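Below, each chain spelled out in residue letters.
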Amino acid sequence: MMHLHIFNPEHDIALASDLANFTAPHAGRKMREDLGFLPAFWAEDGDFVLVDDVEAALNSVRHFKQYIKEVVFVTLEDLQQLPPMEISPWGWDRALKGQLIRAGVESNMLPSDAQLATFRTLSNRCWATKQLLPEIMKVDDRLIGESFYLQSPQEVSGFAYPYVLKAPWSSSGRGIRYVESITTHLKGWIANVIQKQGGVMLEPYYQKVMDFAMEFEATDDGVLYSGLSLFHTEHGAYSSNILASENEKLRIISKYISSQLLDAVSQKIAKVLSPLFHETYRGPFGVDMMIVSDKGKLKLHPCVELNLRRTMGHVALSFKMQDTDARKEMQIAFDDNYHLHIVSTNENVINNSLI
């Protein structure tokens, strides 16, 4: 069956609002407008990709002809003319469903409200803290990580500084506060998050050495591991991904953490989530992790958060880099518009003796 792919980067903020008539902040709308062509990297030939402007999308993808598929770009106005097909967004939320219904898409092609409520529950940081993190922590004593879901401002005051506060639903560094003391402004932020989202997440502040993620796909046959994502952030917001073979990415991370530990963690995640997602979720998702320094030793935090959606790591994996390919970097830059760049790095091609 053909697919209609949709890049809706405002998804995480839409989850927080939980409104069918949600209007995304300007940055989210602008990113969707400028980068709506992104699904052309992971779609199949003949699939459709929803964009704001077909001509702009065609102009953008001409820079990436060696990477993209033969897709058909369409706008909201075109949707009523398309045959029935599977809809594959960046992530499902009530706002996207409402937008598609208003564009004339039949409701039987969309998730039910009950399914959307389940997706939202699974996307709450609290869910992964309770259902996934404790199970992964049983794998090895080289793992570190804990998190607390607090439902009143008074509970927050009982923890020693420094720590990190997170809204249960937020995106790209938004909704996160690094706390060394409680200020009047921060008290107001905590109370506001608890009032709107039911609680706030509190985590110890870890001495981070490196960010990365593991990417997965929930299928009818269970959760399947897709690969590693080595990414960079600036001020908490995503900026770039390393494009390299799995062997090369493993070589980079293995300077800090053994590949055997990474294998054990990926297998545990798949084992834990396969039965939990069997009746609830199909599609891509990622688990953000980090390597931290703890009392002079390097440890792995195996579940900083669960992203129940496609991620930039999945986009990077769609390039299907081989061991003989030179390492590249996929960057998202912003001036007055968002731009995707694929740039070469000074890193050498992986030597066969290292594989």
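Placed above this text is the structure.
Residues numbered from 1 in each chain as written. Predicted model: local features only at pLDDT ≥ 70, side-chain atom pairs only at ≥ 80, totals over all residues. Heavy atoms only, no water.

Undergrad: I'd like to hear about the overall build of the protein chain, residue by residue, with values.
TA: For the protein chain, the helix and strand inventory stands at twelve helices and 16 strands. Against the compact-globule benchmark of 20 Å for 355 residues, the protein chain has a radius of gyration of 20 Å, which places it among compact chains. Considering the protein chain as a whole, with its 355 residues, one finds that 50% of them fall into the buried category. Split by element, the accessible area of the protein chain, about 17,400 Å² in all, is 47% carbon and sulfur. Taking the average location of the 34 positive side-chain charges in the protein chain and that of its 44 negative ones, the two points are 6 Å from each other. (Helix = DSSP H or I, 4+ residues; strand = E, 2+ residues; numbered from the N terminus. Rg over C-alpha atoms; globule rule 2.2 N^0.38 Å. Buried < 20%, exposed > 50% of the residue type's maximum accessible area, 1.4 Å probe, protein only. Areas by Shrake-Rupley, 256 points an atom, 1.4 Å probe, with all protein chains shown as cover. Lys, Arg positive; Asp, Glu negative; His and termini not counted. Charge placed at Lys NZ, Arg CZ, Asp CG, Glu CD.)

Undergrad: Can you tell me about the sheet that holds strand S8 (residues 200–204), naming the residues and giving the values?
TA: Taken in spatial order, the four strands make up an open sheet running S5-S8-S6-S7, and their pairing is antiparallel. Each edge of the sheet is formed by a strand with only one pairing partner; in this case those strands are strand S5 (148–150) and strand S7 (176–179). Neighbouring strand axes in the sheet, compared pairwise and without regard to direction, differ in orientation by 25° on average. Two strands pair when backbone bridges link them, and strand S6 (residues 163–166) and S7 are joined in this way by four bridges, in the antiparallel orientation. Directly across from Leu 165, in S7, lies its bridge partner Arg 177. (Pairing = 2+ DSSP bridges. Axes fitted to C-alpha atoms, helices over the stretch in contact; angles between N-to-C directions.)

Undergrad: Tell me about the pairing of strand S11 (residues 231–234), and name the residues and values.
TA: Judged from the four bridges that link them, S11 and strand S12 (residues 237–243) form a sheet pairing that is antiparallel. When the sheet's bridge partners are listed, Glu 234 is paired in S12 with Ala 237. Turn length for the S11-S12 hairpin, with the two strands adjacent in sequence and antiparallel, is two residues, and the turn residue His 235 shows positive phi of about 55°.

Undergrad: Tell me what's going on with the sheet that holds strand S4 (residues 86–89), and back it up with residues and numbers.
TA: What links the strands of a sheet is backbone hydrogen bonding, and the strands pair in either a parallel or an antiparallel sense. If you walk across this open sheet you meet the four strands as S3-S2-S1-S4, and the pairing is parallel. Pairing within the sheet leaves two strands with one partner each, and these edge strands are strand S3 (72–74) and S4. If you compare each strand with its neighbour and ignore which way they point, the axes differ by 25° on average. Bridge analysis of strand S2 (residues 48–50) against S3 gives three bridges, and the strand direction is parallel. Residue pairing for S3: Leu 50 is matched across the bridge by Val 74.

Undergrad: Describe helix H9 (residues 184–197), listing the residues and the values that go with them.
TA: Taking 1.5 Å per residue, 14 residues should reach 20 Å; H9 reaches 20 Å between its end C-alpha atoms and fits that length. Listing the buried residues of H9 in full gives Leu 186, Trp 189, Ile 190, Val 193, Ile 194 and Gln 197. Each buried residue of H9 lies within a common arc of 125° when the element is viewed along its axis, so the set occupies one face. The exposed set on the far side of H9, more than 90 degrees from its buried face, consists of Thr 184, His 185, Lys 187, Gln 195 and Lys 196. Looking at the packing, one finds that the buried side of H9 touches helix H1 (11–17), S5, helix H8 (153–156), S6, S7 and S8. Two residues or fewer past H9, Gly 198 is found with a positive phi of approximately 90°. (Expected span 1.5 Å × (residues − 1). Arc of directions from axis to C-beta. Contact = heavy atoms within 4.5 Å.)

Undergrad: Give me the pattern of salt bridges: which residues, what numbers.
TA: Per the counting criterion, the structure on display carries 16 salt bridges. A salt bridge links Glu 10 to Arg 32, with the shortest nitrogen-to-oxygen separation between them at 2.6 Å. Here the residue Glu 10 occupies a position in the loop between strand S1 (3–6) and H1, and Arg 32 occupies one in helix H2 (residues 26–35), the gap between them amounting to 22 residues. Arg 32 carries the same exposure label as Glu 10, and that label is buried. One salt bridge connects Arg 125 with Glu 305, and the closest N-O pair in it is separated by 2.9 Å. Within this pair, whereas Arg 125 is found in helix H6 (residues 125–131), its partner Glu 305 is found in strand S14 (residues 297–307), the two being separated by 180 residues in sequence. Accessibility classification places Arg 125 together with Glu 305 in one group, the buried group. (Salt bridge = Lys/Arg side-chain N within 4 Å of Asp/Glu carboxyl O.)

Undergrad: Summarise the environment of Asp 45; cite the residues concerned and give the values.
TA: Relative to the helices and strands, Asp 45 is located in the loop between H2 and S2. Taking the relative accessible area as the measure of exposure, Asp 45 reaches 55% and is therefore exposed. For the pair formed by Asp 45 and Glu 70, sequence separation is 25 residues and the distance between their alpha carbons is 4.6 Å. When residues no more than four places from it in sequence are discounted, the contact partners of Asp 45 are Lys 69 and Glu 70. There is a polar contact of 2.9 Å between the side chain of Asp 45 and the backbone nitrogen of Glu 70. (Polar contact = N/O pair within 3.5 Å; in protein donor to acceptor, adjacent residues only side chain to side chain.)

Undergrad: Which residues make up the environment of Gly 98, and what values go with them?
TA: Here Gly 98 is to be found in helix H4 (residues 94–102). A relative accessible area of 10% places Gly 98 in the buried class.

Undergrad: Requested: an account of the nonpolar core, with residues and values cited.
TA: One finds Phe 277 and Phe 285 to be the most contacted residues of the largest nonpolar core, which totals 53 residues. Tallying contributions element by element places helix H11 (residues 259–277) first for this core, with eight residues. Once you skip the residues sitting within four places of it in the chain, Phe 277 turns out to touch Leu 122, Trp 127, Ala 218, Val 223, Arg 282, Phe 285, Leu 306 and Leu 308. Core analysis: the second largest hydrophobic core is formed by 28 residues, Phe 7, Leu 35, Val 315 and Leu 340 among them. (Core = buried A, V, L, I, M, F, W, Y, C linked by side-chain atoms within 4.5 Å.)

Function cannot be inferred from these measures alone, as they are strictly geometric.
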